[in-house]
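Structural overview for review
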Amino acid sequence: MKSQRLGMYLASCVIAVALTGCAREDAGHSSPSVAEQKAAELEKREQQLAEREAEVKAKEAEQEALRLAEAEAAEREAAKVAAAKQAADEAAAKRAAAKKVPPKAPAATSVAHNTTPPPAAPVQVPVEVRAGTQLVVALASDVSTKTAKVGDRFEARLATALRSDDRLVAPEGARITGTITEVVSGSSQIGAVPALGLRFDQLELANGQQVAIRGELQQLGESEKGTDAAKIIGGAAAGAVIGHQIKHGTKGKVIGGILGGAAGALVAKNTGAELQLQAGSQLTIVLEQGFVVTQTAT
């Protein structure tokens, strides 16, 4: 009986052990272990880190490529600016050299008789126009005691060329200008003797230069001689001619005093009229002072 119970107990134990092993085997096949789960999670994290690292490297490579492209563009622009500046400097240097360096003379030929010597520098020589030189001039416009005022400018032209030592100083037709120095109108005062003072002070030379002169009236032209138009008197004589006006009042004294200072003046022969010189009237003047001009020797 005891042996039967023992056999039954052992059989039960064997069955229990078998069932336990089957359960463990089923459990092993149905769910992974903790170590396996941790290993899977670690592998997943490593894969994510690798992906992120790849993304960072890709962005860094993109930024580096962009930086290199910008640097290359800046270098190209700087090269263009430097080339333009160099070209401008070279052009400026060429222009400066062209201004400073005279053109090269043509190479001398082997044949001696074909060689042309360089032209000689022009020689400037002084030409003197002496005091006392007479100039014949023709008025360019009418001059009248009725309209002229002291200080008015007038113009004339040389009727004959001015020469000195066989050199042309001023050609025929050269411009000569002057100033009205005295005016006595015959119609503005009863019994007044018309008088007109002229002073020539500037002459235009053959080279276009303007030279200051002092020229006084000496005589009328041939067309005025023998007429009753006017005569030329000077200095004290002018004052004497109209001195008789003193008895007519203070105005006569003033006029006589003014005209008495003229070195040369035109005075009408008849009182109460006007003295008028028409355009083209010829006058002869004499230079009180000489002058020197420079001309190129020929």
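None of the values given here were measured: they were computed from a predicted structure. (Residues numbered from 1 in each chain as written. Predicted model: local features only at pLDDT ≥ 70, side-chain atom pairs only at ≥ 80, totals over all residues. Heavy atoms only, no water.)

**A few points about the overall build of the protein**
- Scanning the protein from terminus to terminus reveals 4 helices and 14 strands.
- Buried positions account for 25% of the 298 residues belonging to the protein.
- Counted over contacts in the protein with a minimum sequence separation of 6, partners at least 24 positions apart contribute 71%.
- A total accessible area of about 20200 Å² is found for the protein, and carbon and sulfur atoms account for 56% of it. (Helix = DSSP H or I, 4+ residues; strand = E, 2+ residues; numbered from the N terminus. Buried < 20%, exposed > 50% of the residue type's maximum accessible area, 1.4 Å probe, protein only. Contact = heavy atoms within 4.5 Å. Areas by Shrake-Rupley, 256 points an atom, 1.4 Å probe, with all protein chains shown as cover.)

**Quick word on the side chain of Ser144**
- Tracing the chain through its elements places Ser144 in strand 3 (residues 143-144).
- A polar atom in the side chain of Ser144 sits 3.1 Å from the backbone nitrogen of Lys146.
- Beyond its immediate stretch of four places on either side in the chain, Ser144 contacts Leu275 and Gln276. (Polar contact = N/O pair within 3.5 Å; in protein donor to acceptor, adjacent residues only side chain to side chain.)

**So, the pattern of salt bridges**
- Applying the stated criterion to the full structure yields 9 salt bridges.
- The residue Glu53 makes a salt bridge to Lys57 at a minimum N-O spacing of 3.5 Å. In this pair, Glu53 and Lys57 are both assigned in helix 2 (residues 34-100), 4 residues apart and thus about one turn of the helix distant.
- Using a relative accessible area of 45% as the deciding quantity, one classes Glu53 as partly exposed.
- Arg175 is the salt-bridge partner of Glu155, the closest N and O atoms lying 3.1 Å from each other. Placement of the pair is Glu155 in strand 4 (residues 153-158) and Arg175 in strand 7 (residues 175-184), with a sequence separation of 20 residues.
- By relative accessible area, Glu155 is classed as partly exposed at 23%.
- The exposure class assigned to Arg175 is partly exposed, which follows from its relative accessible area of 29%. (Salt bridge = Lys/Arg side-chain N within 4 Å of Asp/Glu carboxyl O.)

**So, unusual backbone geometry**
- The phi dihedral of Asp165 falls on the positive side, at around 55°, and the residue is not glycine.
- Mapped onto the secondary structure, Asp165 falls in the loop between strand 5 (162-164) and strand 6 (167-170).
- Residue classification places Asp165 among the exposed residues on the basis of a relative accessible area of 53%.
- Residues other than glycine seldom take positive phi values, yet Asp166 does so here, at roughly 65°.
- With respect to the helices, strands and loops of the structure, Asp166 is situated in the loop between strand 5 and strand 6.
- Classification of Asp166 as exposed rests on a relative accessible area of 75%.

**Here's the deal with the side chain of Ser185**
- By secondary structure assignment, the location of Ser185 is in the loop between strand 7 and strand 8 (195-204).
- Only 2.7 Å separates the side chain of Ser185 from the side chain of Glu274, close enough to count as a polar contact.
- Residues contacting Ser185, with those up to four places away along its chain left out, are Thr145, Lys146, Ala192 and Glu274.

**With respect to the nonpolar core**
- By size, the foremost hydrophobic cluster in this structure holds 31 residues, and its most contacted members are Val137, Leu162, Ile176, Leu198, Phe200, Leu203 and Phe291.
- In terms of residue count, the dominant contributor to this core is strand 8 (4 residues).
- For Ile176, the residues in contact, after removing those within four places along its chain, are Leu135, Val137, Phe154, Glu155, Ala156, Arg157, Phe200, Gln202, Leu203, Ile213 and Ile285. (Core = buried A, V, L, I, M, F, W, Y, C linked by side-chain atoms within 4.5 Å.)

**A look at the pairing of strand 4**
- Examined bridge by bridge, strand 2 (residues 134-139) and strand 4 share 3 bridges and lie antiparallel to one another. Note that in strand 4 the partner of Val137 across the bridge is Leu158.
- As defined by bridge partners, strand 4 adjoins strand 7 across 5 bridges and the pair is classed as antiparallel. Paired with Arg153 across the two strands is Thr179, which belongs to strand 7. (Pairing = 2+ DSSP bridges.)

**Considering the confidence of the model for the protein**
- A residue-level look at the protein finds 65% of positions with pLDDT of 70 or above and a mean pLDDT of 75.
- The lowest-confidence element of the protein is helix 4 (residues 250-259), averaging 38 in pLDDT; the highest-confidence one is strand 4, averaging 95.
- Contacts for the low-pLDDT stretch residues 225-229, under 50 throughout, to residues beyond four places or in other chains number 8 contacts.
- Contacts from residues 233-262, a stretch scored under 50 in pLDDT, to residues over four places away or in other chains number 40 contacts. (pLDDT = per-residue confidence, 0-100.)

**Considerations on the environment of Ala297**
- Within the fold, Ala297 resides in the segment after strand 14 (291-296).
- Relative accessible area serves as the criterion here: at 32%, Ala297 is assigned to the partly exposed category.
- Taking the C-alpha atoms as reference points, Ala297 and Pro126, separated by 171 residues in sequence, lie 9.2 Å from one another.

**A word on the environment of Asp142**
- With respect to the helices and strands, Asp142 occurs in the loop between strand 2 and strand 3.
- Residues contacting Asp142, with those up to four places away along its chain left out, are Gln276, Leu277, Gln278 and Ala279.
- Within the structure, Asp142 has its side chain in polar contact with the backbone nitrogen of Ala279 (distance 2.6 Å).

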